[in-house]
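# Structural overview for review
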Amino acid sequence: MKVLILSCKTGGGHDAAGMALKEELESRGHQGIMFDYLVLAGQKVSNAVEDVYVNTVKKTPHVFGAVYNIGMAVSRIARKSPVYYVNSRMAKYLQPYLEEEDFDAVLMPHLYPAETLTYMKRKGIRLPLTLAVMTDYTCIPFWEETECDYYIIPHEELTETCVKRGMPREKLLPLGIPVSRRFRLKADKKKAREYLGFPSEKKIYLLMGGSMGAGDLEKLTERFWKEVGGRDCVAIICGSNKKIFQKLKKKYGGEKNFFIIGKTRQMELYMKACDIIYTKPGGLTSTEAAVSGIPIVHTAPIPGCETANRKFFEKHKMSLSPRTIDRQVAEGIRLLESPERVQAMVEAQRNCISGKAAAKIVDFLEKSVSAGKH
């Protein structure tokens with residue numbers, strides 16, 4: 001098969017899901033081509049969209065939350081949203097590319113390309129098999145106005161939510177959120193620590209704010225170091241947030257058992273090496289942590305879909321989510337003092353999230369393409 005994977009640079013989770021699908025396709029001898037589809041209109045367009053999203057999320061998350069809530073309201077009353085009309089303009093760039101290449105299917109771990117392909121479909125343009133891949137444990141605004149052949153949803157529990165929002169039940173496939181197979185591979189914690197330069201015998205607390213280093217990492221770090229500094233180990237992944245990286249480096253750079261990491265492509269190793277992770281409730285990072293089988297403390301979410309992610313994980317006892325930084329630090333430390341509670345959380349993660357979503361999605365693709373189902 002030759003499969004196109006279209007993503008968008010609004011948070012690292014969409015790309016991570018796309019890369020997991022590409023990895024699975026290529027492991028079976030298929031061809032997976034993935035890119036940010038906005039670059040078809042020019043790199044400046046892609047950069048502008050990314051900058052607006054990242055700056056809003058990092059500097060004014062309450063604004064993002066307000067826009068999300070407005071989107072939810074609009075999606076209930078409008079047949080075609082402003083998001084649809086904006087993304088329909090990408091059709092003039094995407095159509096020639098699809099005509100030039102001969103794809104068997106298009107996978108979309110992002111709403112925007114799904115809106116564009118919906119516009120093209122309504123214009124009678126012939127398309128390959130189209131599959132949308134949801135990357136949060138909720139139905140975000142405007143999925144219901146798209147017309148993909150199928151929708152991969154994170155969990156069967158979300159089926160009724162999607163149907164109530166107007167999505168066809170027969171198109172919903174509860175196969176999960178795809179993550180790299182590396183997260184479910186068993187790894188020796190001691191070897192992972194040795195490779196990363198971590199101490200082998202201390203407890204390791206991993207703090208992060210997603211690919212953008214969002215959230216109040218500085219305050220969380222300060223409170224954590226005050227509590228465990230000199231006794232345990234703290235590692236902070238700042239992602240693309242260079243400002244917080246430099247701040248932490250300046251303040252804690254000389255401390256023993258304190259590790260500051262920027263962007264990394266070895267997230268699975270950090271998760272294998274640590275004892276517990278503190279992260280905002282992004283759909284991908286939370287799923288990767290659950291597949292890795294490590295205790296999770298969810299920090300403050302970006303209002304909107306991450307609020308729903310936190311509720312889903314809390315409901316299924318896959319994470320703790322105290323509302324204040326002081327309680328987050330205290331309850332995470334207390335959790336690690338109880339092996340029974342840790343085991344119960346890891347067991348809940350295993351029961352709810354298999355980690356094999358990418359394989360299941362490619363299984364479905366292989367059967368559908370060979371049967372000509374679209």
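Presented here is a report on the structure given in the accompanying data block. (Residues numbered from 1 in each chain as written. Predicted model: local features only at pLDDT ≥ 70, side-chain atom pairs only at ≥ 80, totals over all residues. Heavy atoms only, no water.)

## Brief notes about the environment of S7
So the rule is basically this: Comment: elements are numbered from the N terminus, with helices defined as DSSP H or I runs of at least four residues and strands as E runs of at least two. To sort residues, take the accessible area from a 1.4 Å probe on protein chains only and compare it with the maximum for the residue type: under 20% means buried, over 50% means exposed, and anything in between is partly exposed. Note on contacts: a residue pair qualifies if any of its non-hydrogen atoms lie within 4.5 Å across the two residues. Between N or O atoms, a polar contact is any pair within 3.5 Å; within protein, one atom must be a potential hydrogen donor and the other a potential acceptor, and residues adjacent in sequence are included only when both atoms are from side chains.
Inspection of the secondary structure assignment puts S7 in strand β1 (residues 2-7). For S7, a relative accessible area of 0% puts it in the buried group. Residues S7 and D36, 29 residues apart in the sequence, show an inter-C-alpha distance of 4.8 Å. Not counting residues up to four positions away in its chain, the partners in contact with S7 are H14, D15, M34, F35, D36, Y37, P109 and H110. Polar contacts involving the side chain of S7 include one to the side chain of D15, which spans 2.7 Å.

## Some points on the pattern of salt bridges
What counts here: Any carboxyl oxygen of Asp or Glu within 4 Å of a side-chain nitrogen of Lys or Arg constitutes a salt bridge here.
Evaluated as defined, the whole model comprises 23 salt bridges. E147 is paired through a salt bridge with R122; the nearest N and O atoms lie 2.9 Å apart. In this pair, E147 sits in the loop between β4 (129-133) and β5 (150-152) while R122 sits in helix α6 (residues 111-122), placing the two residues 25 residues apart along the sequence. Linking K280 and E306 is a salt bridge whose minimum nitrogen-to-oxygen distance equals 2.4 Å. Taken together, the residues K280 in the loop between β10 (276-279) and α12 (283-292) and E306 in helix α13 (residues 305-315) connect sequence positions 26 residues apart.

## As for helix α8 (residues 189-196)
The cut-off we apply is this: The arc in question is traced by the directions running from the helix axis to the C-beta atoms.
Inspection of α8 places A192, R193 and L196 among the buried residues, and these make up the whole buried set. Buried residues along α8 cover an arc of 100° about the axis, so they all sit on one side. Along α8, the residues that are exposed and aim more than 90 degrees away from the buried face are K190, K191, E194 and Y195. Next to the buried residues of α8 lie β7 (204-208) and α11 (267-273). Sitting at the amino-terminal end of α8 is D188, which places a side-chain oxygen 3.0 Å from the backbone nitrogen of K190. Following α8 by one or two positions, G197 has its phi on the positive side, about 80°.

## Description of unusual backbone geometry
The phi torsion at F142 lies on the positive side, around 85°, for a residue other than glycine. Mapped onto the fold, F142 is located in the loop between β4 and β5. Residue class for F142 comes out buried when judged on its relative accessible area of 9%. One non-glycine residue, N257, lies in positive phi territory at about 60°. A residue is classified by how much of its surface remains accessible, and N257, at 13% relative accessible area, is buried.

## A short note on the packing of aromatic side chains
The relative placement of two aromatic rings is captured by the distance of their centres and the angle of their planes. Keep this limit in mind: Ring geometry is summarised as follows: Phe, Tyr and Trp rings, the Trp one being its six-membered ring, pair when their centres sit within 6.5 Å, and such pairs are stacked at plane angles under 30 degrees, edge-to-face over 60 and tilted between the two.
Under the counting rule described, the total for this entry stands at 15 aromatic pairs. Both rings, one in Y150 and one in F364, keep their centres 4.9 Å apart while their planes meet at 80°; by these two values the pair is edge-to-face. Of this pair, Y150 sits in strand β5 while F364 is found in helix α16 (residues 357-371), placing the two residues 214 residues apart along the sequence. There is no split in this pair, since Y150 and F364 are both buried.

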